[in-house]
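Letter by letter, the chains look like this.
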Amino acid sequence: MNSIHIFIIRAVFGAVFAVVLTRFFYPDANYLYVAGLGIILVGLAYFAEYLRSRRAS
């Protein structure tokens, strides 16, 4: 898989988890907060990959 496919998969999973988490914990949350949480989740996925690749080398 190339990096575009990985980004799309992470973005979809980030969006789904962001919606589920905000609807579960904060049902009246604005869509802007849901989008922000999705961006943070995708960023954390890339940060975890960076840490994992740094440790492996």
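The sections below set out a description of the structure shown in this document. (Residues numbered from 1 in each chain as written. Predicted model: local features only at pLDDT ≥ 70, side-chain atom pairs only at ≥ 80, totals over all residues. Heavy atoms only, no water.)

Some words on the pattern of salt bridges
Scanning the model with the defined rule gives 1 salt bridge in all. A salt bridge links Arg 10 to Glu 49; the shortest N-O distance between them is 2.8 Å. One end of the pair, Arg 10, is in helix 1 (residues 3–25); the other, Glu 49, is in helix 2 (residues 31–56), and 39 residues separate them in sequence. (Salt bridge = Lys/Arg side-chain N within 4 Å of Asp/Glu carboxyl O. Helix = DSSP H or I, 4+ residues; strand = E, 2+ residues; numbered from the N terminus.)

Some details on the packing of aromatic side chains
The tally for this structure, following the rule as stated, stands at 3 aromatic pairs. Aromatic side chains Phe 24 and Phe 25 sit 4.9 Å apart centroid to centroid with 85° between the ring planes, which places their arrangement in the edge-to-face category. By the burial criterion, Phe 24 is exposed, and Phe 25 matches it. Across the ring face of Tyr 46, the terminal group of Arg 10 is positioned such that the distance to the ring centre comes to 4.5 Å. (Phe/Tyr/Trp six-rings, centres within 6.5 Å; stacked < 30°, edge-to-face > 60°. Buried < 20%, exposed > 50% of the residue type's maximum accessible area, 1.4 Å probe, protein only. Lys NZ or Arg CZ within 6 Å of the ring centre and 35° of its normal.)

Quick notes on the environment of Ala 56
Assignment of secondary structure puts Ala 56 in helix 2. By relative accessible area, which is 67% here, Ala 56 ends up exposed. Separated by 47 residues in the primary sequence, Ala 56 and Ile 9 have C-alpha atoms spaced 23 Å apart.

Some thoughts on the packing of helix 1 against helix 2
In the contact formed by helix 1 and helix 2, the axes pass within 8 Å of each other and the chain directions differ by 135°. By the angle between their axes, helix 1 is oblique relative to helix 2. For the element pair helix 1 and helix 2, the recorded crossing hand is right-handed. Within the contact between the two elements, helix 1 uses Ser 3, Ile 6, Phe 7, Arg 10, Ala 11, Gly 14, Phe 17, Ala 18, Val 19, Leu 21, Thr 22 and Arg 23 and helix 2 uses Tyr 31, Val 34, Leu 37, Gly 38, Leu 41, Val 42, Ala 45, Tyr 46 and Glu 49. (Axes fitted to C-alpha atoms, helices over the stretch in contact; angles between N-to-C directions. Parallel < 35°, antiparallel > 145°, perpendicular 65-115°, else oblique. Left-handed = near helix turned anticlockwise from the far one by under 90°. Contact = heavy atoms within 4.5 Å.)

This is a description of form; function is not addressed.
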